[in-house]
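# Coordinate analysis (summary)
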Amino acid sequence: VGPAAFGPKALLNPTPDVLDLFLISLVPRLLILVLAGSFMAVSGMIVQTICRNRFGSPSLVGITSWTKLGILLSLVFFLNAPSILRMFLGFAMALIGTMVFMRVLDRTQFKNAIMVPLVGMMIGSGVDAACVFFVQRFERTQTLEALVSGSFSLVIRGRYERLYIGIPVML
């Protein structure tokens, strides 16, 4: 699987091209996918703990919508900014969104546990609507969707090392 076809036998007696493809593209992609899955599991656990609700997840309570808004703001105001700035702005907006969500939860009395994710879905839908409005206004639809779709096709040496920043947080 990848830009060139080779099987397990090719790794027993690898050519330089097969070895480069394996070590520069396939192994890092596998490791980053495992890391990203681990990050998502930990973030889900954190959201469930914060909400004190087993139905909570970052996407369900609107945190991913706030992250998308942060990335959109970086695309509009800092068009040629490095991706680390986009990551930081997305992270900052996710924190702001979490604080807004928790503030709303603190001010609301619930009789049913299902209301917590419903409130998050309502807030997230409002933020998503704002994102759609600004995306269409500034014509950034394809760029934003490419950034938030989670494609790992470009994971090669030199493009994934920033994800190592999250390992201490995950541990």
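Since this is a predicted model, take the numbers as computed values, not measurements.

Moving on to the overall build of the protein chain. Broken down by element type, the protein chain carries seven helices and zero strands. Listing each helix as α and each strand as β along the protein chain from the N terminus yields α-α-α-α-α-α-α. Out of the 171 residues in the protein chain, the part that is buried amounts to 29%. By sequence separation, contacts in the protein chain at least 24 residues apart represent 65% of the contacts at least 6 residues apart.

Before going further, it helps to spend a moment on the layout of surface pockets. Here the second largest pocket defines a volume of roughly 150 Å³. Contributing to the lining of the second largest pocket are Ile 50, Cys 51, Arg 52, Asn 53, Met 102, Leu 105, Asp 106, Phe 110, Ala 113 and Val 116. For the lining of the second largest pocket, the secondary structure elements donating two or more residues are α2 (16–51) and α4 (83–107).

Okay, the side chain of Ser 65 next. Among the structural elements, Ser 65 can be located in helix α3 (residues 63–77). Setting aside chain neighbours within four positions, we find Ser 65 in contact with Gly 124, Val 127, Asp 128 and Cys 131.

Under the definition given, this model contains one aromatic pair. Arranged with centres 5.1 Å apart and planes meeting at 75 degrees, the rings of Phe 133 and Phe 134 form a pair that is edge-to-face.

Here the focus is a nonpolar patch on the surface. There is a patch of nonpolar side chains on the surface, built from Phe 88, Phe 91, Leu 95, Ile 96, Met 99 and Val 100 and spanning about 590 Å² of accessible area. The class for Val 100 is partly exposed, based on a relative accessible area of 31%.

What follows concerns the pattern of salt bridges. Throughout the structure, instances matching the rule amount to one salt bridge. Ionic pairing is found between Asp 128 and Lys 68, a salt bridge with its closest N-O pair at 3.8 Å. Highlighted residues: Asp 128 in helix α5 (residues 115–138) and Lys 68 in helix α3, separated in sequence by 60 residues.

Conventions used here
- Residues numbered from 1 in each chain as written.
- Predicted model: local features only at pLDDT ≥ 70, side-chain atom pairs only at ≥ 80, totals over all residues.
- Heavy atoms only, no water.
- Helix = DSSP H or I, 4+ residues; strand = E, 2+ residues; numbered from the N terminus.
- Buried < 20%, exposed > 50% of the residue type's maximum accessible area, 1.4 Å probe, protein only.
- Contact = heavy atoms within 4.5 Å.
- 1 Å grid on protein atoms, 1.4 Å probe; cavity = no way out; pocket = protein on both sides within 12 Å on 5 of 7 lines; lining within 4 Å.
- Points joined across faces, edges and corners; volume = space filled by probe spheres on them.
- Phe/Tyr/Trp six-rings, centres within 6.5 Å; stacked < 30°, edge-to-face > 60°.
- Patch = residues over 30% accessible without salt bridge, like charges linked within 9 Å, V, L, I, M, F, W, Y side chains within 5 Å.
- Areas by Shrake-Rupley, 256 points an atom, 1.4 Å probe, with all protein chains shown as cover.
- Salt bridge = Lys/Arg side-chain N within 4 Å of Asp/Glu carboxyl O.

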